[in-house]
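A look at the structure
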Amino acid sequence: MQNNTLASAVRLVEVGPRDGLQNEPSLQLSTELKIELIQRLAGCGLSHIECGSFVSPAKVPQMADSQAVFNQLMRKPGVRYAALTPNLTAVEHATAAQASEIAVFTAVSDSFNLHNIHCTTAQSLERFTPAIALAKQHNLPVRAYISTVMGCPYGGEVTPQQVADLAAKLIAMGCYEISLGDTIGVGTPRQTALMLDAVTTQVSVDQLAVHFHDTYGQALANILVALEYGIATVDTSIAGLGGCPYAPGASGNVATEDVLYMLQGMGIETGVSLEQLVATSHWICNRLHKENGSRVSQALEPLSGVKRGAQRQ
Ligand code: MG
């Protein structure tokens with residue numbers, strides 16, 4: 001049940017270097033660029049950064065150099081540098097790369113998993129068992145992503161109860177946190193509440209995170225609902241990097257700056273500097289030759305923090 005007790009601090013999980021960049025044309029990405037982005041994000045105060053993934057380079061060429069990224073990264077104490085790992089081999093690579101933690105991923109809907117990872121949801125959990133066991137041997141915390149929590153692009157059925165049951169299974173398998181992903185960004189605040197009503201009866205709010213996409217402009221409203229349920233971990237992407245692969249040209253990940261601006265306005269601590277984040281956001285968009293997907297960064301000039309509108313007056 002919604003408890004209206006907002007956390008005094010929220011942990012932002014920055015997914016731009018992985019979830020964001022993997023949707024950019026790989027020609028524009030160099031290992032050096034990725035490393036500089038990650039280091040700048042850590043410099044902004046972000047303490048949890050998803051840096052790469054150990055998946056098939058043929059399927060995701062943008063992440064083919066994740067091993068080099070992890071190896072060459074200058075690490076800041078206290079920052080978690082995470083890797084996405086779908087199976088046992090990937091965990092072996094992540095361990096060799098000294099990732100701080102790993103993340104496994106599945107979806108509520110079988111049809112999404114069959115398209116994305118070529119197995120059913122139940123089969124995906126079977127793959128995780130040895131992967132999680134190896135991670136535990138190396139004392140690596142394991143996060144789990146659940147996709148399609150409020151809708152599936154392939155029409156697969158998704159109910160709040162299915163999300164809750166899957167989240168509970170992943171916790172029982174040893175994951176410390178479940179990130180609930182609205183992969184196509186279709187959820188509304190009411191749907192978010194219904195989904196969280198079901199999930200929070202089976203999983204504690206301190207083991208839940210939300211990963212909402214802004215495809216339909218609902219992400220901040222849905223995040224606010226999650227905060228009202230006591231959830232205090234939110235996945236975001238600098239400049240909103242990472243378009244929606246199921247709706248070409250549409251927004252995907254909610255922008256870190258937009259969430260941070262809202263949290264600051266609510267008096268919620270994050271440890272992240274908005275000014276530095278906006279500067280980093282403009283820098284990466286310039287390097288990628290793309291428009292900034294953050295409303296806040298569009299409204300603020302890099303570094304100066306001065307509103308464009310104010311300058312025109
Ligand atoms: Mg995403």
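This text goes with the structure placed above it.
Attention here is on the structure that accompanies the text.

Cut-offs used in this document
Residues numbered from 1 in each chain as written. Predicted model: local features only at pLDDT ≥ 70, side-chain atom pairs only at ≥ 80, totals over all residues. Heavy atoms only, no water. Donors = N, O, S within 2.8 Å, 3.2 Å for Na, K, Ca; no water. Helix = DSSP H or I, 4+ residues; strand = E, 2+ residues; numbered from the N terminus. Buried < 20%, exposed > 50% of the residue type's maximum accessible area, 1.4 Å probe, protein only. Axes fitted to C-alpha atoms, helices over the stretch in contact; angles between N-to-C directions. Parallel < 35°, antiparallel > 145°, perpendicular 65-115°, else oblique. Left-handed = near helix turned anticlockwise from the far one by under 90°. Contact = heavy atoms within 4.5 Å. Nonpolar A, V, L, I, M, F, W, Y, C, P; charged D, E, K, R; others polar. Phe/Tyr/Trp six-rings, centres within 6.5 Å; stacked < 30°, edge-to-face > 60°. Lys NZ or Arg CZ within 6 Å of the ring centre and 35° of its normal. Salt bridge = Lys/Arg side-chain N within 4 Å of Asp/Glu carboxyl O. Pairing = 2+ DSSP bridges. Right-handed = clockwise from strand over helix to strand, strands pointing away. Polar contact = N/O pair within 3.5 Å; in protein donor to acceptor, adjacent residues only side chain to side chain. Expected span 1.5 Å × (residues − 1).

Some remarks on the coordination of the magnesium ion
Around the magnesium ion, the donor atoms from the protein are Asp19 (OD), His211 (NE2), His213 (NE2) and Asn253 (OD1), and they sit 2.1 to 2.3 Å away. Here the donor residues of the magnesium ion are spaced in sequence according to D-x191-H-x1-H-x39-N. Taken together, the positions of histidine 211 in strand E7 (residues 208-212) and asparagine 253 in the loop between strand E8 (233-236) and helix H10 (256-265) put the pair 42 residues apart, joining distant regions of the chain. Each member of the pair histidine 211 and asparagine 253 is classed as buried.

What to know about the packing of helix H7 (residues 160-172) against helix H8 (residues 189-199)
Between H7 and H8, the least distance of the axes is 8 Å, while the angle of their chain directions is 40°. By the angle between their axes, H7 is oblique relative to H8. Note that H7 runs across H8; the crossing there is right-handed. On the side of H7, the interface is formed by Pro160, Gln161, Val163, Ala164 and Ala167, while H8 contributes Leu194, Met195, Ala198 and Val199. Looking at the contact of H7 with H8, its residues break down into eight nonpolar, one polar and no charged.

Remarks on the packing of aromatic side chains
The final tally for this structure, using the stated rule, is two aromatic pairs. Taken together, a centroid distance of 6.1 Å and an interplanar angle of 40° make the contact between phenylalanine 112 and tyrosine 154 tilted. Residue phenylalanine 112 is located in helix H5 (residues 110-116), and its partner tyrosine 154 is located in the loop between strand E5 (142-147) and H7; the two are separated by 42 residues in the primary sequence. Residue classification places tyrosine 154 among the partly exposed residues on the basis of a relative accessible area of 36%. If you follow arginine 40 out to its NZ or CZ, it ends over the ring of tryptophan 283, 4.1 Å from the centre.

Considerations on the pattern of salt bridges
Applying the stated rule across the entire model yields eight salt bridges. Glutamate 177 serves as the salt-bridge partner of arginine 11, at 2.3 Å between the closest nitrogen and oxygen. In this pair, arginine 11 is assigned in strand E1 (residues 11-14) and glutamate 177 in strand E6 (residues 177-182), connecting sequence segments 166 residues apart. In this structure glutamate 177 comes out as buried when scored by relative accessible area, which is 2%. Between lysine 290 and glutamate 24 there is a salt bridge, with the nearest N and O atoms lying 2.8 Å from each other.

Notes on the pairing of strand E2 (residues 48-53)
Counting buried residues in E2 gives six out of six residues, a clear majority hidden from the surface. Note: E2 against strand E3 (residues 80-84), five bridges, orientation parallel. Residue pairing in the sheet places histidine 48 in a bridge with arginine 80 of E3. Traced from E2 through helix H3 (residues 66-72) to E3, the parallel crossover comes out right-handed.

Some points on the side chain of glutamate 101
If you trace the backbone, glutamate 101 turns up in strand E4 (residues 101-107). A distance of 3.4 Å separates polar atoms of two side chains, one belonging to glutamate 101 and the other to histidine 48. Apart from the residues within four sequence positions on either side, glutamate 101 is in contact with His48, Arg80, Tyr81, Ala82, Ala83, Leu140, Pro141, Arg143 and Tyr176.

Re the environment of threonine 215
In this structure, threonine 215 sits in the loop between E7 and helix H9 (219-228). Non-local contacts of threonine 215, meaning those with residues more than four positions away in its chain, are made with Ile184, Gly185, Cys244, Ala247, Ala250, Ser251 and Gly252. Among the polar contacts made by the side chain of threonine 215, one reaches the main-chain carbonyl oxygen of serine 251 at a distance of 2.9 Å.

Remarks on H7
Helix length check: H7, at 13 residues, gives a terminal C-alpha distance of 18 Å against a target of 18 Å (1.5 Å per residue), a fit within 8%. Looking at the buried side of H7, the elements it contacts are E4, helix H6 (121-137), E5, E6 and H8. Note on H7: the residue one or two positions beyond its end, glycine 174, has a positive phi of about 115°.

Details of the pairing of E5
Of all six residues that make up E5, six are buried, and the element is covered over most of its length. Burial along E5 is two-sided: Val142, Ala144 and Ile146 and Arg143, Tyr145 and Ser147, pointing in opposite directions, are all buried. With six bridges joining them, E4 and E5 adopt parallel strand pairing. Following the sheet pairing, threonine 106 is matched in E5 by isoleucine 146. Alignment of E5 against E6, held across four bridges, turns out to be parallel. Bridge pairing in E6 places alanine 144 opposite isoleucine 178. Viewed along the sheet, the connection from E5 through H7 into E6 turns out right-handed.

Points about the packing of helix H2 (residues 31-43) against helix H11 (residues 274-288)
One can describe the packing of H2 onto H11 by two numbers: an axis separation of 9 Å at closest approach and a directional angle of 170°. When the axes of H2 and H11 are compared, the pair comes out roughly antiparallel. Together, Leu33, Glu36, Leu37, Arg40, Leu41 and Gly43 of H2 and Gln276, Leu277, Thr280, Trp283, Ile284, Arg287 and Leu288 of H11 make up the contact between the two elements.

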